[in-house]
Amino acid sequence: MIKELEKIKEQAIKKIEEAQSTDLLEQIRVEFLGKKGKITEVLKKLGTLPAEERPKMGSIANEIKEIITNSIQEQYQIILEKEIQKKIEEEKIDITLPGRTCGIGHMHVINQVMSEITDIFIQMGFQIASGPEVETEYYNFESLNTPDDHPARDVHDTFYVKPGVVLRTHTSPVQMRVMEKTKPPVAVIVPGRVYRVDNDASHSPMFNQMEGLLVDEDITFADLKGTLMYFVHKFFGEETAVRFRPHYFPFTEPSAEMDISCTVCKGKGCRVCKNSGWLEILGCGMVHPRVFQYAGYDNEKYQGYAFGFGIDRMAMLKFSIPSINLLFDNNLKFLEQF
Ligand code: DAH
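Model, not experiment: these values are computed from the prediction. (Residues numbered from 1 in each chain as written. Predicted model: local features only at pLDDT ≥ 70, side-chain atom pairs only at ≥ 80, totals over all residues. Heavy atoms only, no water.)

S.K.: Explain the overall build of the chain here, please?
M.R.: Of the regular secondary structure elements, the chain holds 12 helices and 10 strands. Since a compact globule built from 338 residues should have a radius of gyration of about 20 Å, the 46 Å found for the chain marks it as more spread out than a globular shape. Taken along its principal axes, the extent of the C-alpha atoms in the chain is 140 × 45 × 35 Å. Taking the average location of the 40 positive side-chain charges in the chain and that of its 49 negative ones, the two points are 10 Å from each other. (Helix = DSSP H or I, 4+ residues; strand = E, 2+ residues; numbered from the N terminus. Rg over C-alpha atoms; globule rule 2.2 N^0.38 Å. Lys, Arg positive; Asp, Glu negative; His and termini not counted. Charge placed at Lys NZ, Arg CZ, Asp CG, Glu CD.)

S.K.: In this structure, what is going on with the pattern of salt bridges? I would like to understand it.
M.R.: In a structure, side chains of opposite charge can pair up when their charged atoms sit close to one another. In this structure the tally under the stated criterion is 13 salt bridges. Ionic pairing is found between Glu-31 and Lys-15, a salt bridge with its closest N-O pair at 3.0 Å. Of this pair, Glu-31 sits in helix α2 (residues 22-33) while Lys-15 sits in helix α1 (residues 2-18); the two residues are 16 residues apart in sequence, bridging distant segments of the chain. Note on Glu-31: relative accessible area 26%, which makes it partly exposed. With a shortest N-O distance of 3.5 Å, Glu-41 and Lys-44 are connected by a salt bridge. Remark: Lys-44 and Glu-41 occur in helix α3 (residues 38-44); sequence separation between them is 3 residues, near one turn of the helix. In this structure Glu-41 comes out as partly exposed when scored by relative accessible area, which is 35%. If you follow the salt bridges from partner to partner, you end up with Arg-243, Arg-245, Glu-257 and Asp-259 in one network. (Salt bridge = Lys/Arg side-chain N within 4 Å of Asp/Glu carboxyl O. Buried < 20%, exposed > 50% of the residue type's maximum accessible area, 1.4 Å probe, protein only.)

S.K.: Even after reading the chapter, I still don't get the domain arrangement of the chain, so can you show me in this structure?
M.R.: Interface extent is often summarised as the accessible area lost during association of the parts. Looking at the assigned domains, one finds that the chain contains domain 1 (2-90) and domain 2 (109-335). For domain 1 versus domain 2, the distance between C-alpha centres works out to 97 Å. (Domains from an automatic or database assignment.)

S.K.: Just checking my understanding: could you explain the pairing of strand β8 (residues 252-261) for this structure?
M.R.: The side chains of a regular strand alternate, first on one face of the sheet and then on the other. Of all the 10 residues making up β8, 8 are buried; the element is thus mostly covered by neighbouring parts of the structure. Bridging between strand β7 (residues 242-249) and β8 involves 7 bridges; their strand directions are antiparallel. Across the sheet, residue Phe-244 finds its bridge partner in β8, namely Met-258. Taking the residues that link successive antiparallel strands as the turn, the β7-β8 hairpin has 2 residues. Alignment of β8 against strand β9 (residues 278-287), held across 8 bridges, turns out to be antiparallel. The partner of Met-258 across the bridge, within β9, is Leu-282. (Pairing = 2+ DSSP bridges.)

S.K.: Could you clarify how one ought to interpret the site of the ligand in this entry?
M.R.: Taken together, 15 residues lie around the ligand, and His-170, Ser-172, Arg-196, Gln-209 and Glu-211 are the ones closest in. Gln-209 places a side-chain nitrogen or oxygen 2.9 Å from an oxygen atom of the ligand. One of the backbone N or O atoms of Phe-307 is found 3.3 Å from an oxygen atom in the ligand. Calculation on the ligand without its partners gives an accessible area of 350 Å², and the protein chains cover 91% of this total. (Near = heavy atom within 4 Å. Polar contact = N/O pair within 3.5 Å; in protein donor to acceptor, adjacent residues only side chain to side chain. Areas by Shrake-Rupley, 256 points an atom, 1.4 Å probe, with all protein chains shown as cover.)

S.K.: Teacher, can you tell me more about the packing of aromatic side chains here?
M.R.: The geometry of an aromatic ring pair is captured by two quantities: the separation of the ring centres and the angle between the planes. Applying the stated rule across the entire model yields 16 aromatic pairs. Judged by centre distance (6.0 Å) and plane angle (75°), the ring pair of Phe-221 and Phe-244 falls under edge-to-face. Of this pair, Phe-221 sits in helix α9 (residues 221-236) while Phe-244 sits in strand β7, and the two are 23 residues apart along the sequence. A ring pair is formed by Phe-235 and Phe-236, whose centres lie 4.8 Å apart and whose planes are at 85°; its orientation type is edge-to-face. Among the aromatic residues, ring-to-ring pairing joins Phe-121, Phe-126, Phe-231, Phe-235, Phe-236, Tyr-305, Phe-307 and Phe-309 into one connected group. (Phe/Tyr/Trp six-rings, centres within 6.5 Å; stacked < 30°, edge-to-face > 60°.)

S.K.: What am I meant to see in the packing of helix α5 (residues 109-123) against helix α11 (residues 311-319) here?
M.R.: Packed helices, taken two at a time, are described by the angle between their axes plus the distance between the axes. Put simply, α5 and α11 touch, their axes get as near as 9 Å, and they point 100° apart. By the angle class used here, α5 and α11 are roughly perpendicular. Each of Val-109, Ile-110, Val-113, Met-114, Glu-116 and Ile-117 in α5 lies in contact with α11, whose residues at this interface are Ile-311, Asp-312, Met-314, Ala-315, Lys-318 and Phe-319. Here the residues of the contact of α5 with α11 are counted per class, giving 9 nonpolar, no polar and 3 charged. (Axes fitted to C-alpha atoms, helices over the stretch in contact; angles between N-to-C directions. Parallel < 35°, antiparallel > 145°, perpendicular 65-115°, else oblique. Contact = heavy atoms within 4.5 Å. Nonpolar A, V, L, I, M, F, W, Y, C, P; charged D, E, K, R; others polar.)

S.K.: Looking at this structure, how should I read the pairing of β9?
M.R.: In terms of residue burial, β9 counts as a mostly covered element, since 8 of its 10 residues are buried. Where β9 meets strand β10 (residues 303-310), 5 bridges bridge the pair, whose relative direction is antiparallel. Across the sheet, Leu-282 pairs through a bridge with Phe-309, a residue of β10.

S.K.: Help me understand the nonpolar core in this model?
M.R.: Counting 45 residues, the largest nonpolar core has Ile-117, Phe-231, Ile-281, Phe-307, Phe-309 and Met-314 as its most contacted members. What Met-314 contacts, discounting residues up to four positions off in sequence, is Val-113, Ile-117, Phe-231, Phe-235, Phe-236, Ile-281 and Phe-309. Judged by nonpolar contacts, the second largest core, of 21 residues, contains Val-188, Val-215, Val-291 and Tyr-302. (Core = buried A, V, L, I, M, F, W, Y, C linked by side-chain atoms within 4.5 Å.)

In structure tokens form, the structure reads like this:
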């Protein structure tokens, strides 16, 4: 009987050591230690032994039972640890993989340029002013010395909202709105949207302008020139050349247009500047005495200068953007470059 028990023990231990799953271990436990298990079967035969041998045999059987139980327990731990290890390996996080990027927005190129330009003028002491985009004909034209029958009205292809009310065609009406509310000295810039019936590669029905107005005593064209040259050198670079050409605007006298040396060819001549070496960038002049009359300013005592330019055009020239529509198409591939 001892031999039989020893054999069972060896069988059990071998099976246990080979078992690779907890399910299998459970089967083995039932096979050897269960109610109908091999050890139990042997113990049932205890009754056939002589009485004095029974306790010894009983204790040997119990010992073997314990050994088998313990080795099942040990193997169980080993399998469990292996399974945990495997799971950890499978679920391992590779921290060298690139992360998922979530796109971060940034300022639109027009806003970037607008704030760069306003910063330059703010440093010079200008303040920011604004006015309505839906404007009366009075502010948009008449008070700027452009009466009904004035030919200059034709060059602004105007969107009419209703008789007497328009979408402003330029930021110049804000000049008058500021002067009506403020006594000189005045130094303002006016960034804002303007509207014209116009649509091609260099025109959009809505675009952005920046107006400038400075009024004080003893202001001359030299102040205008100095201010604009300072701005151009800051914005386009110190090497940029500047020239003024006589022009006509109803609200300034004298009036001028300002050109800068071509930002692409640096003045040598190319397609962008139509081989002239120059790019027209703004209109300007000394505030017309009639405009001061509308504003209620003493035009003997005060002089002023004004200027206006397209912010979109400034952005296009600075970054060599070929079409104004790119600025308004909302194509991320284009916009992300800035
Ligand atoms: N308002 C003009 C335009 O839209 C630009 C302009 C020219 C503004 C001369 C001015 C100025 O203030 O003095 O074409």
